[in-house]
Amino acid sequence: MTEGPLLRVRGLSKAFGGIRAVDACSLEVHAGTITGLIGPNGAGKSTLFNIVAGLYAPDEGEIWLGGRRIDGLPPHLVVAAGLMKTWQVPREFRNLPVLDNAILAARGHPGEGLVSLLLGPRAAMRHEAFLEEKARRTLGLVGLAELAEAPAGSLSGGQKKLLELARALMADPVLILLDEPMAGVNPVLAGRLMEIIDRLRREGHTFFLIEHDMEVVMSRCDRIIVMHEGRKIAEGLPLEVRTNPVVLDSYLGG
Ligand SMILES: Nc1ncnc2c1ncn2[C@@H]1O[C@H](COP(=O)(O)OP(=O)(O)OP(=O)(O)O)[C@@H](O)[C@H]1O
Ligand SMILES: [Mg+2]
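The model shown is predicted, which means the values in this text are computed figures rather than measured ones. (Residues numbered from 1 in each chain as written. Chains lettered and ligands numbered in written order. Predicted model: local features only at pLDDT ≥ 70, side-chain atom pairs only at ≥ 80, totals over all residues.)

This part is about unusual backbone geometry. One non-glycine residue, Ala 24, lies in the positive phi region at around 55 degrees. Turning to its location among the elements, Ala 24 is positioned in strand 2 (residues 19–29). Owing to 14 C-beta atoms within 10 Å, Ala 24 belongs among the partly exposed residues under this scheme. Residues other than glycine seldom take positive phi values, yet Glu 229 does so here, at roughly 50 degrees. With respect to the helices and strands, the residue Glu 229 is situated in the loop between strand 9 (223–228) and strand 10 (231–236). Judged by local crowding, Glu 229 falls into the partly exposed class, with 15 C-beta atoms found within 10 Å. (Helix = DSSP H or I, 4+ residues; strand = E, 2+ residues; numbered from the N terminus. Buried ≥ 20, exposed ≤ 12 C-beta atoms within 10 Å, placed from the backbone.)

Dropping the structure here:
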């Protein structure tokens, strides 16, 4: 990895009709951190994530992952560059077992399709076994090992979020974007999800996280970026952000 921030966004803008959803945003995410992105409804947080993940083309600006410029790349090449984004609403294959959902997440990874072609059938089978082993290990990491054989559609909302995280991890990303991972998740599972994210960060993973729960954001994030009406209005350590008058005024409400 090159020196400097893992993710660097410069002068990013995106308008929908007359709405400047993201307005000249510049920000950085450093490797090995949980960086929080907060702001009121409609601030442009999800739009910014969608641009970074290659789902929307920006009107202006640059996005760098490591030493590589990724703005303008289609989503699958952004994934190939090492950036994964989970969905605000989980998108599992309902009728397939949890295990297969995890395996497919790795298989969907660009390059996977070449494996059997390049390696031949015997090695491809070994690779298959490797993927299953990796999927079981990853499900264990998020506490879903016991549900590996259950149809993904039978999971609770919170368990589906855990599966989303496992699916993201299967692609060995360098950066994971989480858009409100705890929304609609019961407090017990939400707490577990946050503990897992914390543990993964200690193991070297990097997270960029949109979250409305201020207690979670303040206690778990290394740095926080605040958006309001498309613009970045503040950033810093949790304590700095919490006491920033501009933030108090426009978001935290005093
Ligand atoms: N695909 C779209 N087409 C038109 N307008 C959009 C689109 N996506 C977002 N917007 C608008 O852009 C602005 C920013 O929306 P965005 O979803 O990024 O906000 P957010 O910060 O994620 O809000 P929330 O906290 O409610 O999820 C809003 O005014 C929204 O209505
Ligand atoms: Mg959003």
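After presenting the structure, the write-up continues.
Around ligand 1 lies a shell formed by Phe 16, Ile 19, Ala 21, Gly 39, Asn 41, Gly 42, Ala 43, Gly 44, Lys 45, Ser 46 and Thr 47. Mapped by element, the contributors of at least two residues to the shell around ligand 1 are strand 2 and helix 1 (45–52). Considering each element in turn, the shell around ligand 1 owes the most residues, three residues, to helix 1. Here the shell around ligand 1 is built from residues that sort into four nonpolar, six polar and one charged. (Near = placed C-beta within 6 Å. Nonpolar A, V, L, I, M, F, W, Y, C, P; charged D, E, K, R; others polar.)

With that out of the way, let us pick up the pairing of strand 1 (residues 7–16). Summarising the sheet, strand 1 and strand 2 pair through seven bridges and their orientation is antiparallel. Directly across from Leu 7, in strand 2, lies its bridge partner Val 29. Hairpin connection of strand 1 to strand 2: two residues between the antiparallel strands, including Gly 17 at a positive phi of 55 degrees. As defined by bridge partners, strand 1 adjoins strand 4 (residues 60–65) across five bridges and the pair is classed as antiparallel. Considered in strand 4, the bridge of Val 9 is made with Ile 63. (Pairing = 2+ DSSP bridges.)

This brings us to the environment of Ala 15. Along the chain, the position of Ala 15 falls in strand 1. Ignoring any residue separated from it by four or fewer positions in sequence, one finds Ala 15 in contact with Arg 20, Ala 21 and Asp 59. (Contact = placed C-beta atoms within 7 Å.)

All right, on to helix 6 (residues 157–170) then. Taking 1.5 Å per residue, 14 residues should reach 20 Å; helix 6 reaches 20 Å between its end C-alpha atoms and fits that length. Counting buried residues in helix 6 gives 13 out of 14 residues, a clear majority hidden from the surface. Looking one or two residues beyond helix 6, the residue adopting positive phi is Asp 172, at roughly 50 degrees. (Expected span 1.5 Å × (residues − 1).)

Okay, the sheet that holds strand 2 next. What the four strands build is an open sheet, ordered 2-1-4-5; its pairing is antiparallel. Strands with a single pairing partner mark the edges of an open sheet, and in this sheet they are strand 2 and strand 5 (68–69).

In this section: the nonpolar core. Ala 102, Ala 166, Leu 175, Leu 177 and Val 226 are the most contacted members of the largest nonpolar core, which totals 66 residues. Residues contacting Leu 175, with those up to four places away along its chain left out, are Leu 6, Leu 7, Val 29, Leu 65, Gly 82, Leu 83, Thr 206 and Phe 208. (Core = buried A, V, L, I, M, F, W, Y, C linked by C-beta atoms within 7 Å.)

Below, the discussion takes up the packing of helix 6 against helix 7 (residues 187–202). Two quantities define a packed helix pair, namely the angle between the helix axes and the distance between the axes. Running from amino to carboxyl end, helix 6 crosses helix 7 at an angle of 15 degrees, the nearest separation of the two axes being 9 Å. Considering the angle they form, helix 6 stands roughly parallel to helix 7. The handedness of the crossing between helix 6 and helix 7 is right-handed. Across from Gly 158, Gln 159, Lys 161, Leu 162 and Leu 165 in helix 6, the residues of helix 7 making contact are Leu 189, Ala 190, Leu 193 and Ile 196. When its residues are assigned to classes, the contact of helix 6 with helix 7 shows six nonpolar, two polar and one charged. (Axes fitted to C-alpha atoms, helices over the stretch in contact; angles between N-to-C directions. Parallel < 35°, antiparallel > 145°, perpendicular 65-115°, else oblique. Left-handed = near helix turned anticlockwise from the far one by under 90°.)

Okay, the packing of helix 5 (residues 121–141) against helix 6 next. Two numbers describe how helix 5 lies on helix 6: the axes approach to 9 Å, and their chain directions differ by 135 degrees. On the basis of the axis angle, helix 5 is oblique to helix 6. Considering only the axes of helix 5 and helix 6, their crossing is right-handed. On helix 6, the residues that touch Lys 134, Ala 135, Thr 138 and Leu 139 of helix 5 are Ala 166, Leu 169 and Met 170. Broken down by class, the residue content of the contact of helix 5 with helix 6 amounts to five nonpolar, one polar and one charged.

Keep in mind these values describe shape, not function.
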